[in-house]
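Residue strings, one per chain:
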Protein chains: 2
Amino acid sequence: MEIHKVELPPQRSTFHKLKQRLSEIFFPDDPFYPFKNQTFFTKFILGLQYLFPIFQWGPQYNLRLLRSDLISGLTITSLAIPQGISYAKLANLPPIIGLYSSFVPPLIYSMFGSSKHLCVGPVSIASMIMGSMLSESVSFTQQPTLYLKLAFTATFFAGLFQASLGIFRLGFIIDFLSKATLIGFMAGAAVIVSLQQLKSLLGIVHFTNKMQIVPVLISVFKQKNEWSWQTVLLGFFLLVFLLTTRYISLKKPKLFWVSAAAPLTSVILSTILVFLLRNKTNAIAVIGALPKGINPPSANLLYFSGPFLTLAIKVGLIIGILSLTEGIAVGRTFAALHNDQIDGNKEMIAIGVMNIAGSCSSCFVTSGSFSRSAVNYNAGGKSAVSNIVMSAAVVVTLLLLMPLFHYTPNAVLGAIIITAVIGLIDYQAVFKLWKVDKLDCLACLCSFFGVLFISVPVGLSIAVGISVFKILLHVSRPNTLVLGNIPGTNIFHNVNQYKEALRIPSFLILGIESPIYFANSNYLQERILRFIREEEEHIIANNGSTLKCIILDMTAVTAIDTSGLDTLCELRKTLEKRSLKLVLANPVGNVLEKLHQSKNLDNFGLRGVYLTVGEAVTDISSSWKPQP
Amino acid sequence: MEIHKVELPPQRSTFHKLKQRLSEIFFPDDPFYPFKNQTFFTKFILGLQYLFPIFQWGPQYNLRLLRSDLISGLTITSLAIPQGISYAKLANLPPIIGLYSSFVPPLIYSMFGSSKHLCVGPVSIASMIMGSMLSESVSFTQQPTLYLKLAFTATFFAGLFQASLGIFRLGFIIDFLSKATLIGFMAGAAVIVSLQQLKSLLGIVHFTNKMQIVPVLISVFKQKNEWSWQTVLLGFFLLVFLLTTRYISLKKPKLFWVSAAAPLTSVILSTILVFLLRNKTNAIAVIGALPKGINPPSANLLYFSGPFLTLAIKVGLIIGILSLTEGIAVGRTFAALHNDQIDGNKEMIAIGVMNIAGSCSSCFVTSGSFSRSAVNYNAGGKSAVSNIVMSAAVVVTLLLLMPLFHYTPNAVLGAIIITAVIGLIDYQAVFKLWKVDKLDCLACLCSFFGVLFISVPVGLSIAVGISVFKILLHVSRPNTLVLGNIPGTNIFHNVNQYKEALRIPSFLILGIESPIYFANSNYLQERILRFIREEEEHIIANNGSTLKCIILDMTAVTAIDTSGLDTLCELRKTLEKRSLKLVLANPVGNVLEKLHQSKNLDNFGLRGVYLTVGEAVTDISSSWKPQP
């Protein structure tokens, strides 16, 4: 059998390598490929379409599409209005801000966004975190203007952060929030949000603005005297109603409209009820008078200097990254249903611009909402036009229907929020995590309890820390396998996994399953020497033929650094002293390159590096033949 | 050709897996294997020998060994005394502390340490960092007692930290200080240390206690008026002398004793000179009177409460980890020369205990010194006894010879320090780094300039940050290769690296060179889809046979997490919709396990997972045959 020479990859200049590496890091999706060899005009059009996808789908837009978009648009409005008001309250903001935020951002997004089904507006998690983090240092009831200022400023920084992530193509940063982490985080947030709603469901007046579970529970039960049975009754009834409708829609996706219409229905019914009872009792807290008219400009309210600037920036960063993660995830989900992809970085720019614009027009942080996007998709929404329809409908509400909300009880908002966030508690996913990957499950639980007992930022950072630690652990303690030959083939495989795989006498074949880095080079060296020791003991025990050659299968060694190179070199020397031959099999391109550059390759010599384990074994054992 | 079934690894319980994983993490060197099936007594003896290696080599010790140890011991003493005094000054401590630290720690180490050639005592880097970090908040001249207290306390915490790293078998933590990082760091420290010595070499009285290069240079040239030509003359002469001897020994390793004897010689000569000139001039600063007698106890000086405790702990951590890194590195180097290994964790315990004991007997931080160990090795030191000899000689000095050092000029200490640290500036290594690994080189330069211009901790953390970032980058942007078949074989290899490798019509074979994690799953999905797009475009361009099947070579995918599993599943669905078949080749054990646990394996089905790319190709293309 002929032996194939191991070849170095073609020579490339440092600059060329760097260029390629950077383009892999920042432009993995090769966004410029449609631009290749086009006329200037086409390029311009393409560029315009890249920035404003509306120019892409706009021209093909037709009446048939418009019809379905109208229907879906109106459907999501019925959801967007009550949710908008509720989420605004969740952020401790006046309800009207929630409606403002369902008007401007959707318009902006419909121009910049590339997702067909994403329905943008206020989202629960971001609203709740903004509310909690701001309330911990500023109280809305005492300093409403300052609080508003901070809310808009945080929104502004969130947008700035999101847009710049997209522009500098750093989208991959959000990938470091692993799914496991998010499951735990969302569940934790959902639990706290739901508990906080007990305020409005029980009609409690004095409530903590802390976000840990302990103080929340305490203030629920300490204010027993403030509970009003009317509110409790109403709230409980509404909650049951909403949860039932949700359950129905979950069971029968065809009946999605049941849960879609439920919130508005319950708002209308409860409002009417309270209106009729207005002279009998005032025990049920209501939203109260809301100003008419559309978004006032708020650019003048942005807060760029003063003691709370750092707070605003911090809040901006956190809600920015979280709302981004949610938005992108939702976008990807619905894109996948039509098996097309969305360009993460592009979406980030869209969401960022939307929030910057929002912060200047009295809107708080917005993103793609899962619940509304799902309704949008089910109601047959075909394009971003459904967002435009929605914001049009919201404008009408703002201009004409505001007085109707005067008697809307807070209890219904609480019920709506609970129904919305309850879906975020995905315990089945946790079971699955536990079954498949214990460390992922740990990360998930940590973020859950971190959020519940300590705080949102801490919970998040713990979880991210664990995720990163997991990577580092995998790198610093890689697997090393003993390989054996599967009879009648050239295939060499893990002897533990394949019972039929046979060890080859006087060879020790080790597979290294990781890059060789400074972080694991010492470990690998010691581990390999231990393998050899154990092998030799084993040989002596059942007097087999003496060990002569160690083959390292480098297939999975996808990178090597200077420490790694030194380790290999040292290992070779140590083994030589013990008259053992060290051979490398199938080193990948860049590893081979580095071995060559560091002059290590020459030390291994002609019979030191082979293309496959099989060839190494055949060649070396044949070279032994002549000897007695 | 027969197709081999892909087998799951044997079932193991979660507990068993966890046990194995943990033992790989904490006991990779399997320290207990000599204890296996031994009598209790043997176990006891072995345990004793494990804790106190002296019981291991003690019994075999003989006169011949003693002779060589005596010679080497005395040789290193001649180096240890001047270096001890100098390094104490480097830490802004009274010179006598340097001698104290060359007495107790070596004794302790000779009992606990497992290295034959390691010579312990004060070391330049750690002393310099301790001096700088402490001096920035406490000045020795103003508060000598507090400064002493902090120095001993820092030493104590350093020892505690080192010992606990060893006991809890977390030795691998120091591996995260990559070699590249250390090269840059050491060089930076060496430059600053050398510049600081200009104080004593030029005879400057008022000198900054800052550690950045700028203030140091400023105070060198601002105090021109304080320069004394006699000191400059003497210092310059001594420096030239020492550097020459160092150069000679470097050229001719046989003449190692030249550089070994030089420091003491220069101390003696310069002292005599200054003694003779004592009535002519007092322009040359001298050490002055030193107390006689051996180490006073200092446990009572340890400082466990008060404003500076955090400082002491911080300093302790940093000098602890740095002296540890140096000590272990030196130990490994000399162990490798005799191709035996040293047990990192054991060494850490030894060094830790040595420092804890030292902190209670007026010693400051000590570790294995490279220069002295080298001399020890060259002078034929055979065991830790040479350390005992050294400390005995130091005791004699402490008891009788202290008055002789009264007229030793500070200039000679400065010259000795410069000669000692100059070797740490390894510019060739930097060139090599640049040639082999640009990112390593960047880390190196960053730590160099970080130390030079900002501060030691910052420089270090930047460098570690870059090293870790490098790992994460490699994980979040892994290589993906197109594989081709090498004619006449079953070998599939990177088509860019192997020109003869041929693509197989209507197959696209991709090699993924990394674990599939949350950090890269999105990237990989997009990248693979892009590969497919490009392939299809390429096919259309030169109307080849349509693409039917994508094979992922999973050999290098050494791990997968839940996000990765979802990605694979999604990818399969997406491709199915486009009537493309997705096939996995050679998934490793734990990946296969996870695929199985997450029910993904069943989705891939019988003809979805193969043992090798070759078998996949043969089987699938044969399955196409019947179709027209």
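Chain A carries the name STAS domain-containing protein in an unreviewed UniProt entry, which gives Lupinus luteus as its organism. UniProt, in the comment section headed Subcellular location (unreviewed entry), describes chain A in these words: "Membrane". Listed in UniProt under the heading Sequence similarities (unreviewed entry), the comment for chain A reads: "Belongs to the SLC26A/SulP transporter (TC 2.A.53) family."

## Here we look at helix α7 (residues 124–135) of chain B
With 12 residues, α7(B) should reach 16 Å at 1.5 Å per residue; the first-to-last C-alpha distance of 16 Å fits that figure. Every buried residue of α7(B) is accounted for by B:S124, B:I125, B:A126, B:S127, B:M128, B:I129, B:M130, B:G131, B:S132, B:M133, B:L134 and B:S135.

## A short note on the UniProt feature "domain: STAS" (unreviewed entry) in chain A
Cross-referencing UniProt, the feature "domain: STAS" (unreviewed entry) maps to residues 497–620 of chain A in the present numbering. Strand forms 15% of residues 497–620 of chain A and helix 48%; the C-alpha atoms that close the span are 26 Å apart.

## Side note on the packing of α7(B) against helix α13 (residues 309–337) of chain B
Residues and elements named next belong to chain B. It is the contact of α7 with α13, at a shortest axis distance of 9 Å, that shows an interaxial angle of 165°. When the axis of α7 is compared with that of α13, the two are roughly antiparallel. Our pair here, α7 against α13, has a crossing hand that is right-handed. Note on element contacts: α13 touches α7 through L311, K314, V315, I318, I319, L322 and S323, opposite I125, A126, I129, M130, M133 and L134.

## Remarks on the sheet that holds strand β4 (residues 492–494) of chain A
Sheet strands pair by backbone hydrogen bonding; their relative direction is either parallel or antiparallel. All names here are of chain A. Across the sheet, which stays open at both edges, the six strands sit in the order β4-β3-β5-β6-β7-β8 with mixed pairing between neighbours. This sheet does not close on itself; its edge strands, each paired only once, are β4 and β8 (609–610). Bridge analysis of strand β3 (residues 480–485) against strand β5 (residues 507–512) gives three bridges, and the strand direction is antiparallel. When the bridges of β5 are listed, T480 appears paired with I512. Across the face of the sheet, helix α21 (residues 521–541) comes into contact with β3, β5 and β6 (549–553) while running at roughly 150° to β5.

## Re the interface of chain B and chain A
Quoted interface sizes are often the accessible area lost when the parts come together. Opposite the 95 residues of chain B that make contact, chain A presents 95 residues. Together chain B and chain A conceal approximately 8200 Å² of surface at their shared face, both sides included; 55% is due to carbon and sulfur atoms. Looking only at chain B, the three residues that lose the most surface to chain A are B:R477, B:Q497 and B:F518, adding up to 9% of its buried area. Where chain B meets chain A, there are 10 salt bridges. For B:E526, the salt bridge identified is with A:R332, shortest N-O distance 3.9 Å. Here chain B is connected to chain A by 22 residue pairs in polar contact (both at pLDDT 80 or more). If you list the elements that add at least two residues to the side of chain B that touches chain A, you get α1 (14–26), α13, α18 (427–436), α19 (438–454), α20 (456–476), α21 (521–541), α22 (562–577) and α23 (589–597) of chain B. Here the residues of the side of chain B that touches chain A sort into 37 nonpolar, 26 polar and 32 charged.

## Some thoughts on the nonpolar core
Membership of the largest hydrophobic core comes to 117 residues, with the highest contact counts inside it found for B:I129, B:M130, B:I319, B:L322 and B:F364. Residues within four places of B:F364 in sequence aside, it is in contact with B:Y87, B:A88, B:A91, B:L93, B:I97, B:G98, B:S101, B:P122, B:S127, B:M130, B:T155 and B:N355. Of all hydrophobic cores here, the second largest spans 116 residues; its members include A:I97, A:Y109, A:V123 and A:I125.

## Concerning the UniProt feature "transmembrane region" (unreviewed entry) in chain A
Residue and element names in this part refer to chain A. In this structure's numbering, the residues bearing the UniProt feature "transmembrane region" (unreviewed entry) are residues 146–168, 180–207, 227–248, 255–277, 301–324, 384–405, 411–430 and 442–469. As annotated, residues 301–324 comprises 67% helix and 0% strand, and the C-alpha atoms at either end are separated by 24 Å. Annotated as 80% helix and 0% strand, the span residues 411–430 places its first and last C-alpha atoms 31 Å apart.

## A word on the sheet that holds strand β5 (residues 507–512) of chain B
Residues and elements named next belong to chain B. Taken together, the six strands give an open sheet; going across it, the order is β4-β3-β5-β6-β7-β8, and neighbouring strands pair in mixed fashion. Bordering the open sheet on either side are β4 (492–494) and β8 (609–610), each of which pairs with just one other strand. Pairing of strand β6 (residues 549–553) with strand β7 (residues 581–585) involves five bridges; the strand directions are parallel. Directly across from C549, in β7, lies its bridge partner K581. Those strands touched by α21 are β3 (480–485), β5 and β6, and its axis lies near 150° from that of β5.

## Re the side chain of A:S563
Inspection of the secondary structure puts A:S563 in helix α22 (residues 562–577). Contact partners of A:S563, with chain neighbours within four places excluded, come to A:Y517, A:F518, A:S521 and B:K179.

## Some thoughts on the pattern of salt bridges
Following the criterion strictly, the structure yields 24 salt bridges over all chains and no others. The partner of A:K179 in a salt bridge is B:D566, with the nearest N and O atoms 3.1 Å apart. Here A:K179, found in helix α9 (residues 179–202), pairs with B:D566, found in helix α22, and the two come from separate chains. The exposure class of A:K179 is partly exposed, given its relative accessible area of 40%. Its salt-bridge partner being A:D437, residue B:K594 comes within 3.8 Å of it at the nearest N-O pair. Remark: A:D437 occurs in the loop between α18 (427–436) and α19 (438–454) and B:K594 occurs in helix α23; the pair is interchain, linking two chains. Look at A:D437 and you get buried, because its relative accessible area is 6%. Three or more residues joined by partner-sharing salt bridges are found here, namely A:D437, A:D440, A:K470 and B:K594.

## Concerning unusual backbone geometry
All names here are of chain B. In this structure, N586 is a non-glycine residue whose phi angle is positive, near 55°. Tracing the sequence through the fold places N586 in the loop between β7 and α23. At K599, a position not held by glycine, the phi torsion is positive, near 65°. Residue K599 is classed as partly exposed on the basis of its relative accessible area, which comes to 48%.

## Looking at the pairing of β3(A)
Residues and elements named next belong to chain A. Extensive coverage of β3 is indicated by the burial of six of its six residues. Direction of pairing for β3 relative to β4: antiparallel, over a ladder of three bridges. Pairing of N485 across the sheet is with F492, part of β4. Hairpin connection from β3 to β4: six residues lie between these consecutive antiparallel strands, with G488 at a positive phi of about 80°.

## Quick word on the relation of the copies chain B and chain A
It takes a turn of 180° to lay chain B on chain A, together with a shift of 0.0 Å along the axis; the resulting RMSD is 0.0 Å. Taken together, the rotation and translation relating the two chain copies correspond to the operation of a two-fold axis. The position closest to the rotation axis in chain B is occupied by the C-alpha of B:A556, lying 2.1 Å away. Comparing interface residues between copies, 100% of those in chain B also lie at the interface in chain A; the contact surface is shared.

## Quick notes on the pairing of β6(A)
Residue and element names in this part refer to chain A. Burial analysis of β6 places five of its five residues in the buried class, which makes it a mostly covered element. Neither face of β6 is left uncovered, since the one carrying C549, I551 and D553 and the one carrying I550 and L552 both have all their residues buried. Examined bridge by bridge, β5 and β6 share five bridges and lie parallel to one another. Bridge pairing in β6 places G511 opposite D553. Once the chain exits β5 it traverses α21 before rejoining the sheet at β6, and the crossover so formed is right-handed. Note on the crossover from β6 through α22 to strand β7 (residues 581–585): the handedness is right-handed.

## Some words on the packing of aromatic side chains
All names here are of chain B. Following the criterion strictly, the structure yields 32 aromatic pairs over all chains and no others. With a centroid separation of 6.4 Å and an interplanar angle of 50°, the aromatic rings of F221 and W227 are classed as tilted. By relative accessible area, which is 46% here, F221 ends up partly exposed. A residue is classified by how much of its surface remains accessible, and W227, at 31% relative accessible area, is partly exposed. Pairing F334 with Y377 gives two aromatic rings, centres 5.6 Å apart and planes at 40°, and the pair type is tilted. Residue F334 is located in helix α13, and its partner Y377 is located in helix α15 (residues 370–378); the two are separated by 43 residues in the primary sequence. By relative accessible area, which is 27% here, Y377 ends up partly exposed.

What counts and what doesn't
Residues numbered from 1 in each chain as written. Chains lettered and ligands numbered in written order. Predicted model: local features only at pLDDT ≥ 70, side-chain atom pairs only at ≥ 80, totals over all residues. Heavy atoms only, no water. UniProt positions renumbered as here; feature names shortened; annotations may be inferred. Helix = DSSP H or I, 4+ residues; strand = E, 2+ residues; numbered from the N terminus. Expected span 1.5 Å × (residues − 1). Buried < 20%, exposed > 50% of the residue type's maximum accessible area, 1.4 Å probe, protein only. Axes fitted to C-alpha atoms, helices over the stretch in contact; angles between N-to-C directions. Parallel < 35°, antiparallel > 145°, perpendicular 65-115°, else oblique. Left-handed = near helix turned anticlockwise from the far one by under 90°. Contact = heavy atoms within 4.5 Å. Pairing = 2+ DSSP bridges. Buried area = accessible area lost by both parts, 1.4 Å probe. Salt bridge = Lys/Arg side-chain N within 4 Å of Asp/Glu carboxyl O. Polar contact = N/O pair within 3.5 Å; in protein donor to acceptor, adjacent residues only side chain to side chain. Nonpolar A, V, L, I, M, F, W, Y, C, P; charged D, E, K, R; others polar. Core = buried A, V, L, I, M, F, W, Y, C linked by side-chain atoms within 4.5 Å. Least-squares fit on C-alpha atoms with pLDDT ≥ 70 in both. Right-handed = clockwise from strand over helix to strand, strands pointing away. Phe/Tyr/Trp six-rings, centres within 6.5 Å; stacked < 30°, edge-to-face > 60°.

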